[in-house]
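Letter by letter, the chains look like this.
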Amino acid sequence: MSAKLKLGILISGRGSNLQSLIDAALDSDFPAEIVTVISNVPDAGGLKRAQQTNIPTTVINHKDFDGREPFQDALHDALTSAGVELICLAGFMRLLTDSFVNRWLDKLINIHPSILPSFKGLHTHERAIKAGVRFSGCTVHFVRPEMDDGPIIVQAAVPIHQEDTPDALAGRVLIEEHKIYPLAVKLIAEGRVSVENGAVKIKNAVNPDSAIINPS
Ligand code: GRF
């Protein structure tokens, strides 16, 4: 088998999406491996998850830097020296500026808990329920300088229930996040993903035919 794609995961919190990538990478057939986990928050729960699987971790605390650029330079250096080929943002709560995004263009992906381009930003579940839409979900996309923007790789649609609460919906969306993040990484690592005119094309993609109707 050819060499595995080297992943660097950036986190700020509990790291359940990191865990889904750790679990996927434990399968010897998975075409990617996690070479470093970096957190900007010293006590982020996700650091322990990585350490339990002997993945090297680093804390780069944004508060130790005088502004975004030097913080991002330190991130860039750590990622480069670990040999990272694809960065996965997994609940990483710092905005990245153009200089960093452009250095890692199409080698930097994010997971967001909504069907983008709807509900960019925070509190997505609460806002989706308030808006009365019948579906929410999650998106894995390439990162662009504008927040929660960029070519979409995989999405999962999750029906919103009549009496949903943001927490209940978040729980059901999270289950799908944990499926689509490893799937997106796998597709990229297999060399099947390209960006053409601002949109993603996937070689030999299997697209479902049936629609989901809510309420059914
Ligand atoms: C997830 O909902 C992800 O979509 C968003 O931040 C949350 C991170 O959760 N970007 P976790 O730290 O991966 O559990």
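The notes below deal with the structure included here. Nothing here was measured: the structure is a model prediction, and the numbers come from that model.

Taken as a whole and assessed by the stated rule, the structure comprises 0 disulfides. The thiol of Cys88 is unpaired, and the distance to the nearest cysteine sulfur, on Cys138, comes to 15 Å.

So, on to the environment of Gly150. Among the structural elements, Gly150 can be located in the loop between strand 6 (135-142) and strand 7 (152-159). Considering only alpha carbons, one finds Gly150 and Asp27, 123 residues apart in sequence, at a separation of 29 Å. Beyond its immediate sequence surroundings of up to four residues, Gly150 is in contact with His141, Phe142 and Arg144.

For the rest of this paragraph, the subject is the site of the ligand. Around the ligand, the neighbouring residues are Arg14, Gly15, Ser16, Asn17, Gly91, Ile111, His112, Pro113 and Glu177. Contact between the ligand and Ser16: an oxygen atom at 2.5 Å from a side-chain N or O atom of the residue. One nitrogen or oxygen atom from the main chain of Ile111 is found 2.9 Å from a nitrogen atom belonging to the ligand. Protein contacts shield 84% of the accessible area of the ligand, which totals 370 Å² for the unbound molecule.

So, on to the sheet that holds strand 2 (residues 32-39). Strand order in the open sheet made by the 7 strands is 3-2-1-4-5-6-7, with mixed pairing throughout. Each edge of the open sheet carries a strand with a single partner, namely strand 3 (57-59) and strand 7. Put simply, the sheet's adjacent strands are angled 20 degrees from each other on average, direction ignored. Where strand 5 (residues 108-112) lies against strand 6, 4 bridges are found, and the strand directions are antiparallel. Following the sheet pairing, Asn110 is matched in strand 6 by His141. Seen against the sheet, helix 1 (residues 16-25) touches strand 1 (5-11), strand 2, strand 4 (86-89) and strand 5 and runs at an angle of roughly 155 degrees to strand 2. Contacts between helix 2 (residues 45-52) and the sheet are confined to strand 1, strand 2 and strand 3, with strand 3 contributing the most and set at about 155 degrees to the helix.

Calculation notes
Residues numbered from 1 in each chain as written. Predicted model: local features only at pLDDT ≥ 70, side-chain atom pairs only at ≥ 80, totals over all residues. Heavy atoms only, no water. Disulfide = S-S within 2.5 Å. Helix = DSSP H or I, 4+ residues; strand = E, 2+ residues; numbered from the N terminus. Contact = heavy atoms within 4.5 Å. Near = heavy atom within 4 Å. Polar contact = N/O pair within 3.5 Å; in protein donor to acceptor, adjacent residues only side chain to side chain. Areas by Shrake-Rupley, 256 points an atom, 1.4 Å probe, with all protein chains shown as cover. Pairing = 2+ DSSP bridges. Axes fitted to C-alpha atoms, helices over the stretch in contact; angles between N-to-C directions.

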